[in-house]
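# Topology and contacts: notes
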Amino acid sequence: MRKQRRRGSRALAGAVAVTAALGVAGCGVLGGSPAASKSERARATQAVRVWDRSPASIAAVGDSITRGFDACTVLSDCPEVSWATGTSDQVDSLAVRLLGRARAADHSWNYAETGARMADLPGQMVDAVVRRPQLVTVMVGANDACRTSVRAMTSVADFRAEFEDALGTLRRSLPKTQVYVASVPNLKRLWSEGRTNPLGKQVWKLGICPSMLADADDLTSAATVRRDKVQQRVEEYNKVLEEVCAKDRRCRFDGGAVYAYRFGTGQLSRWDWFHPSTDGQSKLAAIAYRAITAQEPLT
C-alpha cells in the first residue's frame, strides 16, 4: 500500500424508535401502540426511511484496496476490478450491483488513491462532492497502521479528527448523501495467510506494511508484540469509524464485516499476498451490498 499522492444519529436509533412505536409487547403494526402518539410513530418511521437502499450514483474514496492495487499486475492499480466501482464481470462491483452495468459506467466514480491515509480523505471528499453522488463509499485506515514502525502509526485521536473532518466536508455540500463505511481489514490475519508464500514475502520487503509484515517469519516475543500493537490500533480505528458514523443518520458502518472476513489465499493478490485479489474484491463488493441494501444497519 505505497504512497503515490495524496459520515442526527445512526439509523439504528430510528429502528429502536420504530420498535417502541409498534410495541414489542405484541401490538400489531396496523393497530399501533397506545403508548405512542401518531406523531411519534410518524417520526420513527421517517427515521428508518432516511436510508435509501437503491442510490442512483456512487463515489468511492479511500486507499489502494479501492483502487484494486496488485489485483491484476504487480505494484499497479487496477480500478476495473475495484469492489466499489469496477467494471469487471469477475467482481460484480457494488456499483454494478446497485446501478446496473450500463448506468454504473456513467454514474460511479473512483477517487481513492493508493497509499492514502485518513488525513487524505477530506481532499478526496472535495473531489467526490463535485459529482454530487447519492452514496459515498469509504474504505481507509490500513495505511494509518501500515507505517515504517509502530510509533509512526496515526494516533487514534488524529484518526478520529480527520474522519470527522472528511464527513464534515461532505455534509457541508451534500447533507443528504449517504455514506457506507467499511471497517479496516484484519492485518494480522493477512500476515498469517500471506507468509505462507515465498514470492509474497519477497514483495513485502519492497515496503508493504512494514509495521506488520517486516521480518515475516520472525516469531520472537518482540515481533509478536509489534504485530499485536498494530492489530490493536486497527481495532481502535474501527471503533472510531463505528462511533463517528453512528452520529450521522445517513451513514452506515459495515458492523465490522470486512475486519471479520477471513481472507484466504484465494482472496489475496498472487503478486503480494496481502491486497485483495479479484476474488477478494468480489467478496468486498458482496459485503458492501449486503450492508447498503439491508433494512436495518448492521451491528
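Residues numbered from 1 in each chain as written. Predicted model: local features only at pLDDT ≥ 70, side-chain atom pairs only at ≥ 80, totals over all residues. Heavy atoms only, no water.

## Observations concerning the overall build of the protein
Counting its secondary structure elements, the protein contains 13 helices and five strands. Counting across all 299 residues of the protein, residues that qualify as buried make up 54%. Summing over all exposed atoms, the protein offers an accessible surface of approximately 13100 Å²; the carbon and sulfur share of this is 51%. (Helix = DSSP H or I, 4+ residues; strand = E, 2+ residues; numbered from the N terminus. Buried < 20%, exposed > 50% of the residue type's maximum accessible area, 1.4 Å probe, protein only. Areas by Shrake-Rupley, 256 points an atom, 1.4 Å probe, with all protein chains shown as cover.)

## So, unusual backbone geometry
Positive phi values are uncommon outside glycine, yet Asp 70 reaches one of about 65 degrees. Residue placement: Asp 70 occurs in the loop between strand S1 (58-62) and helix H3 (94-99). With a relative accessible area of 0%, Asp 70 lands in the buried category.

## Details of helix H5 (residues 121-129)
At 3.6 residues per turn, the α-helix brings residues three or four places apart onto the same side. Leu 121, Pro 122, Gln 124, Met 125, Ala 128 and Val 129 are the residues of H5 that are buried. End-on view of H5: buried residues confined to an arc of 155 degrees, all on one side of the axis. Where the residues of H5 are buried, they touch S1, strand S3 (135-139) and helix H7 (156-173). (Arc of directions from axis to C-beta. Contact = heavy atoms within 4.5 Å.)

## A few points about the packing of H7 against helix H11 (residues 221-246)
Running from N to C, H7 and H11 cross one another at 35 degrees; their axes reach a closest spacing of 10 Å. For the crossing formed where H7 meets H11, the hand is right-handed. Contacts between H7 and H11 involve Val 156, Phe 159, Arg 160, Phe 163, Glu 164 and Leu 167 from the former and Arg 233, Glu 236, Tyr 237, Val 240, Leu 241, Glu 243, Val 244 and Cys 245 from the latter. The residue inventory of the contact of H7 with H11, partitioned by class, reads nine nonpolar, no polar and five charged. (Axes fitted to C-alpha atoms, helices over the stretch in contact; angles between N-to-C directions. Left-handed = near helix turned anticlockwise from the far one by under 90°. Nonpolar A, V, L, I, M, F, W, Y, C, P; charged D, E, K, R; others polar.)

## Examining the confidence of the model for the protein
Regions with low pLDDT carry predicted coordinates that are not meant to be interpreted in detail. Considering every residue of the protein, the mean pLDDT works out to 87; 83% of them sit at 70 or more. Per-residue pLDDT stays below 50 along residues 1-34; that stretch engages in 81 contacts with residues further than four places along the chain or on separate chains. (pLDDT = per-residue confidence, 0-100.)

## Overview of the nonpolar core
The biggest cluster of nonpolar side chains holds 70 residues, and the ones touching the most others in it are Trp 83, Val 138, Tyr 180, Val 181, Leu 187 and Phe 274. For this core, the element with the highest residue contribution is H11, accounting for seven residues. (Core = buried A, V, L, I, M, F, W, Y, C linked by side-chain atoms within 4.5 Å.)

## Focus on the sheet that holds strand S2 (residues 108-110)
An order of S2-S1-S3-S4-S5 is seen for the five strands of this open sheet, with the pairing classed as parallel. The sheet is open, and its two edges are formed by S2 and strand S5 (251-253), each paired on a single side. Across the sheet, the mean angle from the axis of one strand to that of its neighbour is 15 degrees, orientation sign disregarded. Here S3 runs beside strand S4 (residues 178-181); their pairing, made up of four bridges, is parallel. Note that in S4 the partner of Leu 135 across the bridge is Gln 178. (Pairing = 2+ DSSP bridges.)

## Some details on the state of the cysteines
Working definition of a disulfide: a covalent bond connecting the sulfur atoms of two cysteines. Applying the stated rule across the entire model yields three disulfides. What pairs with Cys 72 in a disulfide is Cys 78, and their sulfur atoms sit 1.9 Å apart. Here the S-S torsion is close to -70 degrees, and the disulfide linking Cys 72 with Cys 78 is therefore left-handed. Numbered by order of appearance in the sequence, the disulfide-linked cysteines of the protein pair as 1-2, 3-4, 5-6. (Disulfide = S-S within 2.5 Å.)

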